[in-house]
Amino acid sequence: EYNIVRPKGYTVSYHANPEMEKHHFGQTHPMKPWRLTLTKSLVTSYGMPFAMDNYNTRPATYEELNSFHASDYLDYLGTAPPEDQPRDIDNPDKAGEVKFNLGGSDCPLFHGLFDYCSMSAGTSVDAARKICNGQSDIAIAWGGGLHHAKRSEASGFCYINDIVLGILQLLRCYPRVLYIDIDVHHGDGVEEAFFSTDRVMTVSFHKYHPDSFFPGTGGLDDNGPKSEHNPGAHHAINVPLNDGITDEQYSWLFESIIGKINEHFRPSAIALQCGADSLAGDRLGRFNLQVQGHGACVEYCKKLGIPMIIFGGGGYTPRNVARAWAHETSIAIGCQNKIPEEIPQHTPWREHFIHDTLFPTLEQILGEPRANRNTPKRLQEIVQHVHEQLRFVGH
Ligand code: VJV
Ligand code: CA
Ligand code: ZN
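Report follows, based on the coordinates.

Calculation rules
- Residues numbered from 1 in each chain as written.
- Chains lettered and ligands numbered in written order.
- Predicted model: local features only at pLDDT ≥ 70, side-chain atom pairs only at ≥ 80, totals over all residues.
- Heavy atoms only, no water.
- Axes fitted to C-alpha atoms, helices over the stretch in contact; angles between N-to-C directions.
- Helix = DSSP H or I, 4+ residues; strand = E, 2+ residues; numbered from the N terminus.
- Parallel < 35°, antiparallel > 145°, perpendicular 65-115°, else oblique.
- Left-handed = near helix turned anticlockwise from the far one by under 90°.
- Contact = heavy atoms within 4.5 Å.
- Nonpolar A, V, L, I, M, F, W, Y, C, P; charged D, E, K, R; others polar.
- Donors = N, O, S within 2.8 Å, 3.2 Å for Na, K, Ca; no water.
- Buried < 20%, exposed > 50% of the residue type's maximum accessible area, 1.4 Å probe, protein only.
- Pairing = 2+ DSSP bridges.
- Salt bridge = Lys/Arg side-chain N within 4 Å of Asp/Glu carboxyl O.

**Observations concerning the packing of helix 1 (residues 35-45) against helix 10 (residues 318-333)**
Closest axis-to-axis distance for the helix 1/helix 10 pair is 8 Å, and the angle between their directions is 45°. If you check the angle between helix 1 and helix 10, you find them oblique. Regarding helix 1 and helix 10, the two cross each other, and that crossing is right-handed. Taken together, the residues of helix 10 that come into contact with helix 1 (itself represented by Arg35, Leu36, Leu38, Thr39, Leu42 and Val43) are Pro318, Arg319, Val321, Ala322, Arg323, Trp325, Ala326 and Thr329. Across the contact of helix 1 with helix 10, the residue classes break down as nine nonpolar, two polar and three charged.

**A short note on the coordination of the calcium ion (ligand 2)**
Here the calcium ion (ligand 2) is held by the protein donor atoms Asp181 (O), Asp181 (OD), Asp183 (O), His185 (O), Ser204 (OG) and Phe205 (O), which lie 2.4 to 3.0 Å from it. A relative accessible area of 8% means that His185 is categorised as buried.

**Let's talk about the coordination of the zinc ion (ligand 3)**
Coordination of the zinc ion (ligand 3) by the protein is provided by Asp183 (OD), His185 (ND1) and Asp277 (OD), with metal-donor distances spanning 1.9 to 2.0 Å. The sequence pattern formed by the donor residues of the zinc ion (ligand 3) is D-x1-H-x91-D. The same class applies to Asp183 and to His185, which are both buried.

**What about the pairing of strand 2 (residues 53-56)?**
By the bridge criterion, four bridges tie strand 1 (residues 12-16) to strand 2 in an arrangement that is parallel. Bridge pairing in strand 2 links Ala16 to Asn56.

**Comments concerning the packing of helix 5 (residues 113-132) against helix 6 (residues 162-170)**
Two numbers describe how helix 5 lies on helix 6: the axes approach to 8 Å, and their chain directions differ by 20°. In this view, helix 5 runs roughly parallel relative to helix 6, as classed from their interaxial angle. In the crossing of helix 5 with helix 6, the sense of the turn from one axis to the other is right-handed. Across the interface between the two elements, Ser120, Ala121, Ser124, Val125, Ala128, Arg129, Ile131 and Cys132 of helix 5 pack against Asp162, Leu165, Gly166, Gln169 and Leu170 of helix 6. In terms of residue class, the contact of helix 5 with helix 6 is built from seven nonpolar, four polar and two charged.

**Points about the pattern of salt bridges**
Here the structure, examined in full by the defined rule, presents 12 salt bridges. With its nearest N and O atoms 3.8 Å apart, the salt bridge here joins Arg286 to Asp243. Placement of the pair is Arg286 in the loop between strand 7 (269-273) and helix 9 (291-303) and Asp243 in the loop between strand 6 (236-241) and helix 8 (247-265), with a sequence separation of 43 residues. Given the relative accessible area of 23%, Arg286 is considered partly exposed. Across the pair Arg350 and Glu342 runs a salt bridge whose closest N-O atoms are separated by 3.3 Å. Given the relative accessible area of 15%, Arg350 is considered buried. Each of Arg58, Glu64 and Arg129 takes part in one network of salt bridges that share partners.

As structure tokens, this is what we get:
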């Protein structure tokens with residue numbers, strides 16, 4: 001009804017497994033897979049599925065998960081009893097939980113955990129395959145983006161690093177992959193996984209405060225292994241930020257940094273993690289970004305004209321997550337100027353979208369905006385530092 005048609009000259013694919021949405025981490029845990037339901041509801045009510053290839057993805061297989069994760073970790077993840085289930089008194093098996101960081105409040109053992117993880121990973125692996133075989137130019141996997149998971153360890157709501165699995169697929173057919181992470185947290189798991197290769201450059205923008213904000217890594221000087229003979233040296237870029245950054249500042253930083261990286265590293269594919277906890281009003285986030293500024297990052301990457309996977313990630317105020325990801329889906333398709341700002345009347349769960357618009361103002365979202373602690377001088381220094389790092393890369 002909004003005349004949303006397939007874009008000319010390129011293909012966008014949308015990869016999702018609706019079964020994921022039924023899982024939950026616990027009543028009050030901030031990570032709510034239900035935000036994927038809200039996202040799909042907006043995307044659909046705007047008619048966007050007509051313009052994309054839509055895939056209902058299968059869960060990732062054990063072998064696929066095993067391409068990055070250790071077998072003992074996967075085996076434990078597959079058999080660990082849910083927290084509320086009484087344990088065998090003689091064999092409480094707490095050792096595995098401690099070893100793999102499972103069962104705490106961040107990474108609880110909930111019912112159907114392994115299925116949930118395999119489904120999330122499945123969306124990303126499927127997206128990567130469509131990029132690899134040329135069937136898709138932009139592949140969207142909002143169910144993925146779980147950037148903290150390590151080879152043998154769960155961390156920060158992430159159990160399986162679907163992004164690493166996706167990038168490993170891309171590396172089969174593309175010489176160089178650029179990973180970009182706009183989640184408010186540092187993309188430590190992806191950075192670490194590709195620490196020793198020059199075929200992947202990782203860039204994370206995040207709130208940085210080592211002793212008070214998770215995970216505490218990702219300082220400006222953390223640029224990969226310092227050892228001289230490591231090809232991965234200088235291939236980790238970190239953009240540490242303070243509370244309250246605005247759309248204008250963020251877009252300027254993003255374009256200055258990604259533009260320069262594109263010139264030096266010349267990626268053949270892009271993996272973009274779009275964590276929506278960098279939006280203003282997020283339950284865990286600290287920034288003042290609006291849907292427009294967040295989306296501008298996707299728009300900039302799309303204009304580079306390089307095959308791209310778009311992943312989800314964090315995002316803890318579901319209505320804002322859904323607005324951002326629906327807007328970003330429209331950018332991928334190129335229909336962002338065709339769809340009305342007003343949330344369509346027939347949108348399922350419409351009552352959740354207080355403010356009735358895709359683009360609420362900062363005042364609507366926050367009342368009082370959060371103080372901006374990012375000075376222009378500091379942002380200049382960051383860009384300067386990144387440009388200096390890039391002298392060691394490419395050309
Ligand atoms: O800061 C932490 C770790 C602690 C220990 C655990 N307590 C609960 C919090 C402090 C040091 N963890 C972070 C993890 C953030 C993960 C972000 C993931 C992503 O967006 O980057 C990608 C998907 C953290 N911050 C806030 C919380 N945890 C938090 C966890 C809860 C909670 C409230 C806040 C867990 C359960 C419940 N409430 C009920
Ligand atoms: Ca980030
Ligand atoms: Zn996050």
